Amino acid sequence: MSTEEKSAAPRSLAEALRVRDDVSLAALLRSRPDLITPVPTDLTQLATRAGTRASVVRALERLDRFTLQTAEALAVAPDPASYGELLALMGGDEEDPAVAAALPRAAALLREQALVWGPDDRLRLVRTARELLAPSPQHPSPTGLGPTVREATAGMSPGRIQEILGAVGLPSTHDSVSAVSALGTLFADRGRMAALLAELPAESREVLDRLVWGPPYGQVTHDPAAHLRALLDRGLLLPTAPGTVVLPREVALHLRAGRAHRVPEPVPPPVEAAATHRPQVVDATAAGQALAALATVDELLKEWDEGGPTVLRAGGLSVRDLKRTAVALDVPEPVAAFWVELAYGAGLIASDGEAEERYAATPAYDEWRELPPAERWARLAGTWLAATRTPGVVGGRDAKDRTLSALGPNLDRSAAPEVRHRVLALLAGLPEGASPVEESLLARLRWERPLRGPQREHREHREPGKARDDDLRSRIARWTLSEAELLGVTGRGALAAPGRALIGAPEAPRPAARETGEPEGPGDKLPVHHHRTPPVTALLTPAERAAATATAARLLAPLFPEPLDHVLLQADLTAVAPGPLERELADVLGVLADVESKGGATVYRFTPGSVRRALDAGRSAADLHAFLARHSRTPVPQPLTYLIDDVARRHGRLRVGAASAYVRCDDDATLDEILADKRAAGLGLRRLAPTVLAAQADPAALLDGLRALGFAPAAESAAGDVLIARADSHRTPPRAAPEPVPDGPPAPDDTLLAAAVRAVRAGDLASTTPRKPGPGSEEGGEGGAPGGTLPRTGAAETLATMQAAVLTGEALWIGYVNAEGAASQRVIAPIRVEGGFVTAYDHTADEVRTYPLHRITGVAELADDAG
């Protein structure tokens, strides 16, 4: 490298950013949005912010495995390192062609994200990243390499270093620095190292083999064995503390054939297909699941219509209430937690805010029920995809060892939306109708995001792609696969057309349906000519998400069967609904009968209790007979007619009202029967009149108690009218759906990026433009140093300089303090000075502005050679 080239090379990250074009700066800010929150004043501040620990950790966490391996290799390479040295560390002496092909992309990505800067012959990893990834005794390097010879011998006595030189056949030197340099040169020489290792006994080589891939530290006694003494004498093991030795980095690299990583992974593992199905079958299966999802959410909301479970003091559902909900929905508890959280995330249920706080349906539920089925599903699916609340963690423990409850706090996992979106995007990349091998999909996700914190456990000794069982991203991915199937986003494990639209993936062209059926075994092979959808990587903006859910609803609507307006009544007091029912029919039938079984056809059973429930809701026996005759494709069975008439004949003969409570009946014999029943003792009944009984229990308890005795009482108002109990009687006040917890700053759009780049450029111009020295200042002092403190001049001098600049058209450098007291420096071209204000073109803001002269701290002229 020539002297001119060295002087032209950037000396800092700020200088490297300064020579970037606007497109490159925008790419940096897009990939690291935390850098523009808020927008930095200039490129020096941008570089400083890009080197902070929090920002670097965040950037490292978002690197794929090979790019991260490249950064780890740079952390153990000389600083600066050439591209050739980096390639040797990544590819080894054999120069793996796959590594050589993938390395330019990884290096370019690190440079784009400002984690690496400098030309190819002087690559520098930012200092914070080097501190995070370089080896240390407390935090070994992910590469498994230890310190260099120079680092390991720091503090070693000069005499001991000279003894090591003699043991390896090197001449003694006059100082330790040259001795350590000679020893490092020897260890880096492949031929001389091979000869040195050949002299060692087999036991010594076995010790080196155990340490070569890390951890590089070992323990020795105060009197080591002969094979260990041979390594210590030659410096192949160096002491770091009493009883502890380390394998020097240069020795390990020789034994590794120059590779920094045991298994470089330049190519992402493919997502394998487990089975293939016809796309039409996948879509039909998914549509059936979507219908079942709507029915389940409806059933949950009806279950909680009149007031659901109470809210725990710490928030959320109790374990007992979750079990009851699971029994009511006929699903396992984890699945019940999913449906409860989905309805909560969609804003359909919330706490009512009363003194005895309970969960109940919100007004938004009534609006949601009025939507067409496909739109109702799209709203649920869109909510699920963007939600950070993660029902899969329900039942686990939080940081304070408290049980995590459904609808409770601490269920947000900010990575959940990105993982869900990425899982569906990987499914969209498979051929249509293909379901994935779960482990291959998890391996791909681990390759794309291998790092979950700056200090992670050493993983090089594990099989590539494997992760700990407690890896949160892997668990979220597994939950995504099961939840997508429950919701109807996938069918038979493959992504359905509505699910494809949900993530913004283009619709795939449909081949003609095969007449020979479909392969469904796990060993089925995919033909190479299958269409593959382009991968989808970016999360959707709110506008894109709204368009995507609308498209998903449009694709799903034709897959739903038309709702039926009839049922089939059976002689065993059941009714069979052979498909989804019209909403009005389903609502009435849900009150008049109990659901006995669900599936492709729903079976309802009529019981005295269910008929009484319909009568309590204000229906008469004649209404019920007419309703069944109108909606049954079979004649109304005689047993059902008798059941309705018998319950209606006894319904309302007893009237219960509020005294504490009372019972009145025109038939005093019925009241005699109640008083004589020992089971009624707990109600505290006593006769006030031949047709009236008073009770110590409240009206609700009295109603339940009399019904338990076999009677059919009806509640009445203070005016003596029968109270009609409707199913949808309780709603919470209007409640907003929970907002997702963002995983860091939101991704900036193009408009914001353009404005941020413009502002940073303008601020950098103001801070780096050369200025003429002010009066009384020395050359290079405050008045002329780029990026110095704000200029300070008197009011008269500031006014005179401004007026002169208006006449000459020259630009000036000013210091300005705004109304909030924030100081800044700007480059302006004055246009007019009058009334205590200066109107000027502000190069920093790229617009014409007016500034009060009293807020300008001072002014300085720009140097004649300022660009």
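Residues numbered from 1 in each chain as written. Predicted model: local features only at pLDDT ≥ 70, side-chain atom pairs only at ≥ 80, totals over all residues. Heavy atoms only, no water.

**Here we look at the overall build of the chain**
Helices and strands together make up the secondary structure of the chain, namely 34 helices and 25 strands. For the chain, buried positions account for 48% of its 867 residues. Of all intrachain contacts in the chain linking residues separated by at least 6 positions in sequence, the fraction that spans at least 24 positions is 67%. Of the roughly 40,900 Å² of accessible surface on the chain, 54% is carried by carbon and sulfur atoms. (Helix = DSSP H or I, 4+ residues; strand = E, 2+ residues; numbered from the N terminus. Buried < 20%, exposed > 50% of the residue type's maximum accessible area, 1.4 Å probe, protein only. Contact = heavy atoms within 4.5 Å. Areas by Shrake-Rupley, 256 points an atom, 1.4 Å probe, with all protein chains shown as cover.)

**Considering the sheet that holds strand β5 (residues 244-246)**
Read from one edge to the other, the open sheet built from 3 strands follows the order β3-β5-β4, with strand pairing classed as antiparallel. The open sheet has two free edges, formed respectively by β3 (217-219) and β4 (238-241), since each of these has just one partner strand. Each neighbouring strand pair of the sheet contributes to a mean axis angle of 40 degrees, computed without reference to strand direction. The sheet contact formed by β4 and β5 spans 3 bridges and is antiparallel. Bridge pairing in β5 places Ala241 opposite Thr244. (Pairing = 2+ DSSP bridges. Axes fitted to C-alpha atoms, helices over the stretch in contact; angles between N-to-C directions.)

**Re the packing of aromatic side chains**
Both the distance between ring centres and the angle between the ring planes are used here to describe each pair of aromatic rings. Applying the stated criterion across every chain yields a total of 4 aromatic pairs. A cation sits over an aromatic face here: Arg376 above Trp368, 5.3 Å from the ring centre. (Phe/Tyr/Trp six-rings, centres within 6.5 Å; stacked < 30°, edge-to-face > 60°. Lys NZ or Arg CZ within 6 Å of the ring centre and 35° of its normal.)

**Notes on the nonpolar core**
In terms of nonpolar packing, the biggest core is built from 87 residues, with Phe187, Leu236 and Leu237 touching the most fellow members. At 7 residues, helix α6 (residues 65-76) tops the list of elements feeding residues into this core. Excluding residues that lie within four positions of it along the chain, Leu237 makes contacts with Val207, Leu208, Leu211, Leu228, Leu231, Leu232, Val245, Val246, Leu247 and Pro248. Counting 74 residues, the second largest nonpolar core, distinct from the first, contains Val340, Tyr365, Leu380 and Ala477. (Core = buried A, V, L, I, M, F, W, Y, C linked by side-chain atoms within 4.5 Å.)

**With respect to the sheet that holds strand β22 (residues 823-834)**
Pairing in this open sheet of 5 strands is antiparallel, and the strands run β24-β23-β22-β21-β25 from one edge to the other. Two strands in the sheet have a free side with no partner beyond their single neighbour: β24 (847-852) and β25 (856-861). Within this sheet the neighbouring strands show an average axis-to-axis angle of 45 degrees, counted without direction. Pairing geometry for strand β23 (residues 837-842) and β24, over 6 bridges, is antiparallel. Pairing of Phe837 across the sheet is with Pro852, part of β24.

**Description of the packing of helix α17 (residues 279-303) against helix α24 (residues 472-487)**
The contact between α17 and α24 brings their axes to 6 Å, and the two run at 85 degrees. Put simply, α17 runs roughly perpendicular to α24. Only Glu485, Leu486 and Leu487 of α24 make contact with α17, whose side of the interface consists of Gln289, Ala290 and Ala293. Here the residues of the contact of α17 with α24 sort into 4 nonpolar, 1 polar and 1 charged. (Parallel < 35°, antiparallel > 145°, perpendicular 65-115°, else oblique. Nonpolar A, V, L, I, M, F, W, Y, C, P; charged D, E, K, R; others polar.)

**Thoughts on the pattern of salt bridges**
Here the structure, examined in full by the defined rule, presents 40 salt bridges. Among the salt bridges present, the one from Arg761 reaches Asp22, with a minimum N-O distance of 2.8 Å. Pair noted here: Arg761 is in helix α33 (residues 750-768) and Asp22 is in helix α3 (residues 22-31), with a separation of 739 residues, a long-range link. A salt bridge links Arg583 to Glu370; the shortest N-O distance between them is 2.8 Å. In this pair, Arg583 sits in helix α27 (residues 583-592) while Glu370 sits in the loop between α20 (363-369) and α21 (373-386), placing the two residues 213 residues apart along the sequence. Note on Arg583: relative accessible area 35%, which makes it partly exposed. When salt bridges that share partners are traced, they join Asp298, Lys302, Arg369, Glu370, Arg376, Arg583 and Asp587 into one network. (Salt bridge = Lys/Arg side-chain N within 4 Å of Asp/Glu carboxyl O.)

**A short note on the confidence of the model for the chain**
With 88% of its residues at a pLDDT of 70 or more, the chain shows a mean pLDDT of 84. Here helix α1 (residues 3-8) is the element of the chain with the lowest mean pLDDT, 52, and strand β11 (residues 494-495) is the one with the highest, 96. Residue range residues 512-535 is modelled with pLDDT below 50. Its contacts to residues more than four positions away, or to other chains, number 44 contacts. Note on residues 775-788: pLDDT under 50 across the span, and 25 contacts to partners over four residues away in sequence or across chains. (pLDDT = per-residue confidence, 0-100.)

**A short note on the environment of Leu481**
Position of Leu481 relative to the elements: it lies in helix α24. Given a relative accessible area of 17%, Leu481 falls into the buried group. Not counting the four nearest positions on each side in its chain, Leu481 is found in contact with Val423, Leu427, Glu438 and Thr490.

**Some thoughts on the packing of α27 against helix α28 (residues 608-616)**
Think of two packed helices as two axes; the pair is described by the angle between the axes and how far apart they sit. Here α27 crosses α28 at 120 degrees, and the two axes come no closer than 7 Å. By the angle between their axes, α27 is oblique relative to α28. Residue-level contacts link Gly590, Val591 and Leu592 of α27 to Ser610, Val611, Arg613 and Ala614 of α28. Its residues assigned to classes, the contact of α27 with α28 shows 4 nonpolar, 2 polar and 1 charged.

**A word on unusual backbone geometry**
Leave glycine aside and you will find that most residues have negative phi; peptide bonds, for their part, are mostly trans. Following Thr37, the chain continues to Pro38 via a peptide bond in cis, the omega torsion being 0 degrees. Positionally, Pro38 belongs in the loop between α3 and α4 (43-50). Geometrically, the link from Asp79 to Pro80 is a cis peptide bond, its omega value of 0 degrees lying close to zero. Relative to the helices and strands, Pro80 is located in the loop between α6 and α7 (83-91). Backbone geometry places Ala114, a non-glycine residue, at a positive phi of 60 degrees. Checked against the element boundaries, Ala114 lands in the loop between α8 (97-112) and β1 (116-117). A positive phi angle, close to 65 degrees, is found at Leu573, a residue other than glycine. Mapped onto the secondary structure, Leu573 falls in the loop between β12 (568-569) and β13 (574-577). Exposure remark for Leu573: the relative accessible area of 21% places this residue in the partly exposed category.

**Focus: the environment of Lys323**
Turning to its location among the elements, Lys323 is positioned in helix α18 (residues 319-329). Look at Lys323 and you get partly exposed, because its relative accessible area is 42%. C-alpha of Lys323 to C-alpha of Ala337: the two residues are 14 residues apart in sequence and 9.5 Å apart in space.

**Focus: the environment of Arg475**
Mapping Arg475 onto the fold places it in helix α24. Separated by 56 residues in sequence, Arg475 and Val419 have C-alpha atoms that sit 9.9 Å apart.

**Quick word on α4**
Listed in full, the buried residues belonging to α4 are Leu43, Leu46, Ala47, Arg49 and Ala50. Taken down its axis, α4 places every buried residue within 165 degrees of arc, on the same side. For α4, the N-terminal capping position is held by Asp42, with its side-chain oxygen 3.1 Å away from the main-chain nitrogen of Thr44. (Arc of directions from axis to C-beta. Polar contact = N/O pair within 3.5 Å; in protein donor to acceptor, adjacent residues only side chain to side chain.)

**As for α28**
Along α28, the residues that are buried comprise Ser610, Val611, Ala614, Leu615 and Asp616. Against α27, β14 (594-597), β15 (602-605), α29 (621-631), α30 (638-650) and α32 (699-708) lie the buried residues of α28. Positive phi shows up at Gly618, right after α28, with a value of about 105 degrees.

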